[in-house]
Structure formats: structure tokens, C-alpha cells
Amino acid sequence: LGIQVTNGTADLYSTSGHYLSAYEHSEIGVGLSYWRLMSKDYAFAFDAGLGGFQEKDQSSLAGQGDSKYSQSSYRVRIGGDRAVKVGDRAILYFGPGIEFWQGKAKFEGPEFPAFESKAVNRFAFSGRIGGVMMLSPAAGLNVSVGRYYGLASVSDGGAKSSWWPSGFHASCGVLFKI
């Protein structure tokens, strides 16, 4: 069982007239992972997490209110990893997975009407590579990096948008043998 700090890419949208316009934004978060060796060199992997981002912009004009942007998301990934033991206390792993991500954004400010987006859904194939370094028989450190390629879609007020995003994700944290 692992607890991690994560970063990734959010796939979101804004309105543009009667259309929806997609954009990407970075996000940071926290995650939980479960990794179980099914044989000496293959593991089942499950990850879930929450992500987000916040920005506050202050005007140079006196008395002008602040503009705020925020985003929130969650993700779930299931996959399989090929595992290679390196010495007595380390494992390298790599493998594919499938992922579901959902997120939304919110804009607030004095110069434009407040806007909260509908939830964007993304289904993706992902691949990652990582390593585990055991610090004791029961606890260790885990780090991984990877990419995803998928399909994102959203519908808002009769307008629809879908696109084929790709992005980066990474995590690092502690793990405990259970």
C-alpha cells in the first residue's frame, strides 16, 4: 500500500461563443496505490488519486477585485507491471494500464462572469516506469513516471467537444508491506 504526492495534466475546457475550447493545465495531488506481485515478475497495480490547482491574480488598479482560477479532479488506474528485482532491496517495474480521469475548472473575477465548467471525462491508455527502494522489511520509497494517451469529452449547454489528449504523470511517496 502506498501514499504518494502526484503531478499530472488536466484536460479541461472554456466556452468560446457557442463552442467549447479544450485546454491543458498542470495539477498536483495525492494518491493511494496498491501493488501486488502475482508471480515473481508480474504485478497487479491499482492507483487512485485527487488532483487540483489554484491561482489568484491581483490587479494593479486600486479597488479592483482579485481574479481566481481553480481546478479539481480525480483519477483511477488499473494495470499490470513487469517487475525486475535489483539486489535484495530494490525493484524496477514498467507496464501498461487503463485510466479514468474526471475534472472541472472554475473562474471568478470582477471583469468576467463567474464560470464553473461541467465535468470533463477522460478514458486513456497509460504506460509507466518506476522503482521501489525498501528502507526496511516493511517500508520503502516508490517513484514512477509515465504517459497517457486517451479520449476526453464534455457536453455543456448543448455544445459538445471531444479531443485526443496526451500527457505526463508522475508520483513519489512511501509504501508499506501489508
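(A) Examining the overall build of the protein chain more closely. Looking only at helices and strands, one finds 0 helices and 10 strands in the protein chain. Listed N to C, the secondary structure of the protein chain is β-β-β-β-β-β-β-β-β-β in terms of helices and strands. For the protein chain, the spread of C-alpha atoms along the principal axes amounts to about 60 × 35 × 20 Å. Counting contacts in the protein chain only where the partners sit at least 6 residues apart, residues at least 24 apart contribute 58% of the total. When the accessible surface of the protein chain is summed, it comes to about 10500 Å², and 62% of that surface belongs to carbon and sulfur atoms. Taken as two groups, the 17 positive and 15 negative side-chain charges of the protein chain have centres that lie 10 Å from each other.

(B) Structural detail: the packing of aromatic side chains. Taken as a whole and assessed by the stated rule, the structure comprises 7 aromatic pairs. Look at Phe53 and Tyr69: their rings are 6.1 Å apart centre to centre, the planes differ by 55 degrees, and that puts the pair in the tilted class. On the criterion of sequence distance, the pair formed by Phe53 in strand β3 (residues 42–57) and Tyr69 in strand β4 (residues 67–86) is long-range, its members being 16 residues apart. Accessibility expressed as a relative area gives 26% for Phe53, which makes it partly exposed. Taking the relative accessible area as the measure of exposure, Tyr69 reaches 9% and is therefore buried. Here the aromatic residues Tyr13, Phe53, Tyr69, Phe107 and Phe115 are joined through ring pairs into a cluster of three or more. Here the guanidinium or amino end of Arg122 rests over the ring plane of Tyr148, the centre of that ring lying 3.8 Å away.

(C) View of the nonpolar core. With 13 residues, the main nonpolar core has Leu12, Tyr13, Leu20, Trp101, Val120, Val154 and Trp163 as its most contacted residues. Of all the elements in the fold, those that place two or more residues in this core are β1 (2–16), β5 (90–109), β8 (139–156) and β9 (159–163). In terms of residue count, β1 provides more of this core than any other element does, 3 residues in total. In this structure, Tyr13 is in contact with Leu20, Ser21, Ala22, Tyr23, Phe115, Ser117, Lys118, Val120, Val154 and Asp156, ignoring residues within four places of it in sequence.

(D) The arrangement of the environment of Gly29 in detail. The topology assignment puts Gly29 in strand β2 (residues 19–39). A relative accessible area of 15% places Gly29 in the buried class. When the C-alpha atoms of Gly29 and Asp81 are compared, they prove to be 23 Å apart, with 52 residues separating the residues in sequence. Excluding residues that lie within four positions of it along the chain, Gly29 makes contacts with Gln4, Val5, Thr6, Leu50 and Gly51.

(E) Expanded view of the pattern of salt bridges. Tallied over the entire structure, the rule returns 9 salt bridges. For Asp47, the salt bridge is made with Arg77, and the minimal N-O distance between the two is 3.9 Å. Note that Asp47 is positioned in strand β3 and Arg77 in strand β4, a separation of 30 residues in sequence. Here Asp47 matches Arg77 in class, with each residue buried. For Glu99, the salt bridge goes to Arg75, with nearest N and O atoms at 3.1 Å. Placement of the pair is Glu99 in strand β5 and Arg75 in strand β4, with a sequence separation of 24 residues. In this structure Glu99 comes out as buried when scored by relative accessible area, which is 5%. A single salt-bridge network, built from bridges that share partners, covers Asp11, Arg75, Glu99 and Arg122.

Reading the values: the criteria
Residues numbered from 1 in each chain as written. Predicted model: local features only at pLDDT ≥ 70, side-chain atom pairs only at ≥ 80, totals over all residues. Heavy atoms only, no water. Helix = DSSP H or I, 4+ residues; strand = E, 2+ residues; numbered from the N terminus. Contact = heavy atoms within 4.5 Å. Areas by Shrake-Rupley, 256 points an atom, 1.4 Å probe, with all protein chains shown as cover. Lys, Arg positive; Asp, Glu negative; His and termini not counted. Charge placed at Lys NZ, Arg CZ, Asp CG, Glu CD. Phe/Tyr/Trp six-rings, centres within 6.5 Å; stacked < 30°, edge-to-face > 60°. Buried < 20%, exposed > 50% of the residue type's maximum accessible area, 1.4 Å probe, protein only. Lys NZ or Arg CZ within 6 Å of the ring centre and 35° of its normal. Core = buried A, V, L, I, M, F, W, Y, C linked by side-chain atoms within 4.5 Å. Salt bridge = Lys/Arg side-chain N within 4 Å of Asp/Glu carboxyl O.

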